[in-house]
Amino acid sequence: MTPASAPEPGAGADETDEAARRLRTAFTEAARGVTPGPLPLAAVRREGRARRRRRATALATGAALVATALPLLAVRVLTDPTSAPVATPPRPSSPPASREPSPSARPAAPPTAVSPGERVDAGKGWTLWLTEDGKHTSGTDGEEDFRPIGTGNLDTSVPGVTHQSVTGTQGGFHSGLFYGTRNAARLELTDGRGTRIPGTLVELPGRPGWGGWYAHTPPAEDGGHPGYAVTLYDTQGNAVATLRAAP
């Protein structure tokens, strides 16, 4: 048997190159028969303009959102209590010293108006009333005392006061007349130690320029009868009449 002859070297490569050439030739001949269509320039331009409009709209919308957010942020910063400064009131270096007000600094009010003959409960069993001609008082024993306003020893053209008192183991009851002013507002008794006891003023309707007063004092520490000065003040806080204490 005669052995088969082997292919010559390089024969397969030549056949492959030949097939590739034939294929390129076929593609070239086919392409020559194809006529390309016109370039769609108008569509390309429209698409480009549409993209630019969308980009511009997006940028404008973003700018508007930023412009809206900035004022809101500013308002939040201004109104946020955690970011606002808190004013701390200054602390006083020391509390104000308390002191007794002076007579002129105390509030003043007109005397209480009472009808003629109207009984006023003066406290501790005492009663006081006014009539057109003067002051009346009555104690726990029912005994009455009358002090006229029209006596010759009272100069009612100038401010003045009178003073009567009854003392005992339970303390003292003091009363009197004030006169010569339509601006009476307050009356005080002052003992020898400087202790002040307020009195109560009453007068008839129409502010006739005179009236009565009364006050109570505690028992004297030594059982004696301390003297009291009586001072009448007007609505401005001025002392308009003073009756010195008896020695």
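Residues numbered from 1 in each chain as written. Predicted model: local features only at pLDDT ≥ 70, side-chain atom pairs only at ≥ 80, totals over all residues. Heavy atoms only, no water.

Observations concerning the sheet that holds strand β2 (residues 120–123)
- One open sheet holds the 4 strands; their spatial order is β2-β3-β4-β5, and the pairing between them is antiparallel. Across the chains shown, the open sheet's two edge strands, defined by having one partner strand only, are β2 and β5 (144–148). Strand after strand, the sheet turns through a mean of 25° between neighbouring axes, direction not considered.
- Where β2 meets strand β3 (residues 126–131), 3 bridges bridge the pair, whose relative direction is antiparallel. Counted as the bridge partner of V120 is L128 from β3. (Pairing = 2+ DSSP bridges. Helix = DSSP H or I, 4+ residues; strand = E, 2+ residues; numbered from the N terminus. Axes fitted to C-alpha atoms, helices over the stretch in contact; angles between N-to-C directions.)

What to know about the pattern of salt bridges
- The tally for this structure, following the rule as stated, stands at 7 salt bridges.
- Residue E18 is joined to R22 by a salt bridge in which the shortest nitrogen-to-oxygen separation is 3.4 Å. Highlighted residues: E18 and R22, both in helix α1 (residues 11–32), separated by 4 residues, approximately one helical turn.
- On the basis of relative accessible area, R22 is assigned to the exposed category, the value being 58%.
- The salt bridge involving R186 is made with E188; its shortest N-O contact spans 2.9 Å. Accessibility classification places R186 together with E188 in one group, the buried group.
- Each of E18, R21 and R22 takes part in salt bridges that share partners, so that together they form one network. (Salt bridge = Lys/Arg side-chain N within 4 Å of Asp/Glu carboxyl O. Buried < 20%, exposed > 50% of the residue type's maximum accessible area, 1.4 Å probe, protein only.)

Some thoughts on the pairing of strand β13 (residues 229–234)
- Taking burial as the measure, the 6 residues of β13 include 6 buried ones, the bulk of the element.
- Of the two faces of β13, the one lined by A229, T231 and Y233 and the one lined by V230, L232 and D234 are each fully buried.
- Across 6 bridges, strand β9 (residues 184–190) lies against β13 in antiparallel orientation. Bridge pairing links E188 to T231 in β13.
- Of the strand pairs in this sheet, β13 and strand β14 (residues 239–243) are connected by 4 bridges, and their pairing is antiparallel. Within the sheet, the bridge partner assigned to V230 lies in β14 and is L243.
- A loop of 4 residues connects β13 with β14, the two strands running antiparallel in sequence, and G237 in this loop sits at a positive phi of about 85°.

Details of the pairing of strand β12 (residues 210–217)
- Of all 8 residues in β12, 7 are buried; the element is thus mostly enclosed.
- Here strand β8 (residues 171–179) pairs with β12 via 8 bridges, running antiparallel. Each residue of the ladder has a partner; that of H174, found in β12, is A215.
- Bridge count between strand β11 (residues 200–203) and β12: 3 bridges; the pairing is antiparallel. Within β12, the position partnered with T200 by the bridge is Y214.

Some points on the environment of A113
- Position of A113 relative to the elements: it lies in strand β1 (residues 112–113).
- Measuring from C-alpha to C-alpha, the distance between A113 and L204 comes to 5.3 Å, with 91 residues separating the pair along the chain.
- Excluding residues that lie within four positions of it along the chain, A113 makes contacts with E203 and P205. (Contact = heavy atoms within 4.5 Å.)

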